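Each chain, written out:
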Amino acid sequence: MRKNIVAGNWKMNNDLAQTEALLLGLKKHAIPENVSVMVAPAFTNLYQAFETVRETPIEVIAQNMHQAKNGAFTGEVSAPMLKSVGVNTVIIGHSERRAYFHETNALLAEKVTAAIENDMQVIFCFGEELSDRKQGEHFEVVKAQLQQGLFHIDENQFKNIVLAYEPVWAIGTGETASPEQAQEIHNYVRKLVATTYSDAVSENVSILYGGSVKPANAKEIFANADVDGGLIGGAALKAEDFMAIVNAF
Ligand code: PGA
C-alpha cells in the first residue's frame, strides 16, 4: 500500500530561531496515523530540527544534496553528511534547482544514484512550464524528465522513490492545477511507471502534487485517486496552515 505524504519544503526561509519556533508550533498538533509528515528546513538547521522533533512522527528531510560523497566542491553538502545528522530523505530535482542552479536531467540522475547508494529516500520532482502546457507538450516534458533523471534505477531501488508533480506555473504563483489536471498527470505518470517497471511498483509509489497547495484546496486535490499527498511551499511556513493540509485526507 502506498503512503499518504505531506512534505513541507521551507526553501531558503527560517533561521535557527524561526525553525525552532515553527517546529514547536507543529508539535502542538496531533498527527493523523494515515499521513507521513516531513519538513525540509535549510541545511544549517537540519541538526537542530532533528533534535527538536526527535520524539514525534515528523521526519526532517533535506532540500538538495551533492552527488559526490566528499571532496573539493566548495559550498556543497553530501549524502553521508546528511545521514550523519539524521536525515534519510532528500528532495531532488525541484524546479527552482533546475531553473536557478541549472540542474539538468543528467545531473539529477547522478544525484538520485548517490542518494540511493546511501540508502536515502528520494522525493523526485518534475513538472512542465506554462509554455509546455500551452503547446500541449506537458506529457512529453514530464516523461522526458522521468526517463532521463530517474528511470535508470532498477525496480528494487524504486522502493526508495516518492514522486512529486510540480507544474512550474503553479509554484508560488497562487495558481493551482485543477484537481482534474493534477489527476490527469498523476495517472499518466503511474501508468508510465507501470510500463517501465511493473504494476506492483506503480501501485506502491506515492505521487505528491505541489504548487500553491493550501488549506482551502488541499482536500479536493488529495481526493483524487492518484494523488497521494503534497509538497508544500508557502503554506508550510505557518504551522496552522501546514497542519490543516496534513489533516485534509
Ligand atoms: P508553493 O511551492 O506551495 O509555494 O507553490 C511548492 C514547492 O515549490 O514545492
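Now for a description of the structure that goes with this document.

A word on the packing of aromatic side chains. Taken as a whole and judged by the stated rule, the model has 7 aromatic pairs. Each member of the aromatic cluster is reached from another via a ring pair, and the members are Phe126, Tyr165 and Tyr209. Just above the ring of Phe101 sits the side chain of Arg97; from NZ or CZ to the centre is 4.0 Å.

On to the pairing of strand E1 (residues 4-9). One face of the sheet, then the other: side chains in a regular strand alternate in exactly this way. The element E1 is extensively covered by neighbouring structure, given that 5 of its 6 residues are classed as buried. In the sheet, E1 pairs with strand E2 (residues 35-40) via 6 bridges, with the strands oriented parallel. Residue Gly8 lies in a different strand from E2, and its bridge partner there is Val39. With helix H1 (residues 16-27) bridging E1 and its parallel neighbour E2, the resulting β-α-β unit is right-handed. Relative to strand E8 (residues 229-232), E1 runs parallel, the two being bridged by 4 bridges. What sits directly across from Ala7, in E8, is Leu231.

Let us look at the side chain of Asn224. Inspection of the secondary structure assignment puts Asn224 in the loop between helix H10 (215-222) and E8. Overall, the relative accessible area of 16% leaves Asn224 in the buried class. Within the structure, the side chain of Asn224 is placed 3.5 Å from the backbone oxygen of Pro179, a separation counted as a polar contact. The contacts of Asn224, once residues within four sequence positions are left out, are Pro179 and Gln183.

Rules of the game
Residues numbered from 1 in each chain as written. Predicted model: local features only at pLDDT ≥ 70, side-chain atom pairs only at ≥ 80, totals over all residues. Heavy atoms only, no water. Phe/Tyr/Trp six-rings, centres within 6.5 Å; stacked < 30°, edge-to-face > 60°. Lys NZ or Arg CZ within 6 Å of the ring centre and 35° of its normal. Buried < 20%, exposed > 50% of the residue type's maximum accessible area, 1.4 Å probe, protein only. Helix = DSSP H or I, 4+ residues; strand = E, 2+ residues; numbered from the N terminus. Pairing = 2+ DSSP bridges. Right-handed = clockwise from strand over helix to strand, strands pointing away. Polar contact = N/O pair within 3.5 Å; in protein donor to acceptor, adjacent residues only side chain to side chain. Contact = heavy atoms within 4.5 Å.

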